[in-house]
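Below are the chains, spelled out letter by letter.
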Amino acid sequence: MNKAKRKAIIAGNWKMNKTRPEAKALLEAIKPLVAEAAGKIEVVACVPFTNLETAINVTAGSNVKIGAENVHFEKSGAFTGEISADMLTELGVEYVVIGHSERRQYFGETDETVNKRTRAALAAGLKPIVCVGELLWERECNITEEVIARQIKLDLWDVTAEQMANVVIAYEPVWAIGTGKVATDEQAQEVCAFIRAQLAKLYSAEVAEAVTIQYGGSMNAKNCAGLLAQPDIDGGLIGGASLKAEDFSIIVKAAVEG
Ligand code: PGA
């Protein structure tokens, strides 16, 4: 399978931004700008929990899909402040970001909890966007591949080949997130190809070839075309630039062409 046959996905990761009226306004602005991508690539907005219902209502009947930014791994119970996969699917949520580096850095997320969340999301019918990526000093110490291989192996433990059809991997070098320091096209391609090779080892060449692998980290309207043209980059997980309708739509258009 070549790149053209894989599903390209541009997903916005809004992080902790936007009240409900602001979310409604942003999605209303995004919808017409990305309508042309319908049937060509997948467009997703991953929004704060409080915006999910509004976002699902506003995007009903459009080609914009909605995702959450995290999910708990237990079905229900005494987990104050957490949200379960069933709570998300019942709302109509389709995607969920798991293991974002901000959760790993600030909220004690580990590969073990990323794996538990991923399996819980899949069991409930959600499509997890599993984030992996190295720290700056891990890159400087030349252990990027070791770090990524370990994350891929642990984060996807016990995820079956069949389930992999619903898994998206986002390669987000931590040093590139929110810093304006984007990975070069070559650096991003190199690691995305490495991820695909790891998936081929863990599953099969067929499974690996079908998985959507996104790049994320300071992707914007200016640098997206080069990144999205790379053979193993099938889309992007977009933070800052997803909060501007025009910029987000330029990235979506680049992915359609990519
Ligand atoms: P950024 O964030 O585009 O603002 O760097 C990307 C992400 O955190 O997913």
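These notes cover the structure that comes with them. All of these numbers come straight from a predicted model, not from anything done at the bench.

By nearness alone, 13 residues border the ligand, and Lys15, His100, Glu172, Gly178 and Ser218 come closest of all. Gly240 places a main-chain nitrogen or oxygen 2.9 Å from an oxygen atom of the ligand. Protein chains shield 95% of the accessible area of the ligand, which is 280 Å² for the free molecule. Broken down by class, the residue content of the shell around the ligand amounts to 4 nonpolar, 7 polar and 2 charged.

Bringing the sheet that holds strand β8 (residues 235–238) into the picture now. On the basis of which strands lie adjacent, the closed barrel formed by 8 strands has the order β1-β2-β3-β4-β5-β6-β7-β8 and parallel pairing. Direction aside, neighbouring strands of the sheet carry axes that sit 25° apart on average. In this sheet, strand β5 (residues 127–132) lies alongside strand β4 (residues 95–98) in parallel orientation, the contact comprising 4 bridges. In the sheet register, Tyr95 faces β5, and the bridge partner there is Lys127. Set on the sheet, helix α1 (residues 20–34) makes contact with β2 (42–46) and β3 (64–68); between it and β3 the angle comes to about 135°.

Counting buried residues in helix α2 (residues 52–59) gives 6 out of 8 residues, a clear majority hidden from the surface. Within the span of α2, buried status applies to Leu52, Thr54, Ala55, Ile56, Val58 and Thr59. Among the structural elements, α1, β3 and α3 (85–91) are those in contact with the buried residues of α2. With its phi angle positive at about 80°, Gly61 sits one or two positions after the end of α2.

Interhelical geometry of helix α7 (residues 144–155) versus helix α8 (residues 185–202) gives an angle of 45° and a closest axis separation of 10 Å. With respect to their mutual orientation, α7 and α8 come out oblique. The handedness of the crossing between α7 and α8 is right-handed. Across the interface between the two elements, Thr144, Glu145, Ile148, Ala149, Ile152 and Lys153 of α7 pack against Val191, Phe194, Ile195, Gln198, Leu199 and Leu202 of α8. Its residues placed into classes, the contact of α7 with α8 shows 8 nonpolar, 2 polar and 2 charged.

Located in the positive-phi region is Lys15, a residue other than glycine, with phi close to 55°. Along the chain, Lys15 turns up in the loop between β1 (9–13) and α1. Even without a glycine there, the phi angle at Ser218 is positive, about 55°. For Ser218, the location among the structural elements is in the loop between β7 (212–216) and α10 (224–228). Relative accessible area serves as the criterion here: at 18%, Ser218 is assigned to the buried category.

A word on the layout of surface pockets. Looking at the largest pocket, its volume works out to about 470 Å³. Looking at the largest pocket, it is lined by 19 residues, and the ones nearest its centre are Lys15, Met16, Glu69, Arg103 and Phe107. Tallied by class, the residues present in the lining of the largest pocket amount to 9 nonpolar, 5 polar and 5 charged. What the second largest pocket holds in volume is close to 240 Å³. What lines the second largest pocket is a set of 16 residues, among which Arg104, Gly133, Glu138, Val147 and Gln151 lie closest to the centre. Counting only elements with at least two residues in the lining of the second largest pocket, the list comes to α4 (101–106), β5 and α7. Here the residues of the lining of the second largest pocket are counted per class, giving 6 nonpolar, 5 polar and 5 charged.

Attention shifts here to the pairing of β4. Both faces of β4 are covered, namely the face carrying Tyr95 and Val97 and the face carrying Val96 and Ile98. Bridging between β3 and β4 involves 2 bridges; their strand directions are parallel. Its bridge partner lying in β4, Gly67 is registered against Tyr95. Regarding the hand of the β-α-β motif, the stretch spanning β3, α3 and β4 is right-handed.

Moving on to α8. Here α8 is 18 residues long and its end C-alpha atoms lie 26 Å apart, about the 26 Å a rise of 1.5 Å per residue gives. Inspection of α8 places Ala188, Gln189, Val191, Cys192, Phe194, Ile195, Arg196, Gln198 and Leu199 among the buried residues, and these make up the whole buried set.

The rules behind these values
- Residues numbered from 1 in each chain as written.
- Predicted model: local features only at pLDDT ≥ 70, side-chain atom pairs only at ≥ 80, totals over all residues.
- Heavy atoms only, no water.
- Near = heavy atom within 4 Å.
- Polar contact = N/O pair within 3.5 Å; in protein donor to acceptor, adjacent residues only side chain to side chain.
- Areas by Shrake-Rupley, 256 points an atom, 1.4 Å probe, with all protein chains shown as cover.
- Nonpolar A, V, L, I, M, F, W, Y, C, P; charged D, E, K, R; others polar.
- Pairing = 2+ DSSP bridges.
- Helix = DSSP H or I, 4+ residues; strand = E, 2+ residues; numbered from the N terminus.
- Axes fitted to C-alpha atoms, helices over the stretch in contact; angles between N-to-C directions.
- Contact = heavy atoms within 4.5 Å.
- Buried < 20%, exposed > 50% of the residue type's maximum accessible area, 1.4 Å probe, protein only.
- Parallel < 35°, antiparallel > 145°, perpendicular 65-115°, else oblique.
- Left-handed = near helix turned anticlockwise from the far one by under 90°.
- 1 Å grid on protein atoms, 1.4 Å probe; cavity = no way out; pocket = protein on both sides within 12 Å on 5 of 7 lines; lining within 4 Å.
- Points joined across faces, edges and corners; volume = space filled by probe spheres on them.
- Right-handed = clockwise from strand over helix to strand, strands pointing away.
- Expected span 1.5 Å × (residues − 1).

Structural measurements only, silent on function.
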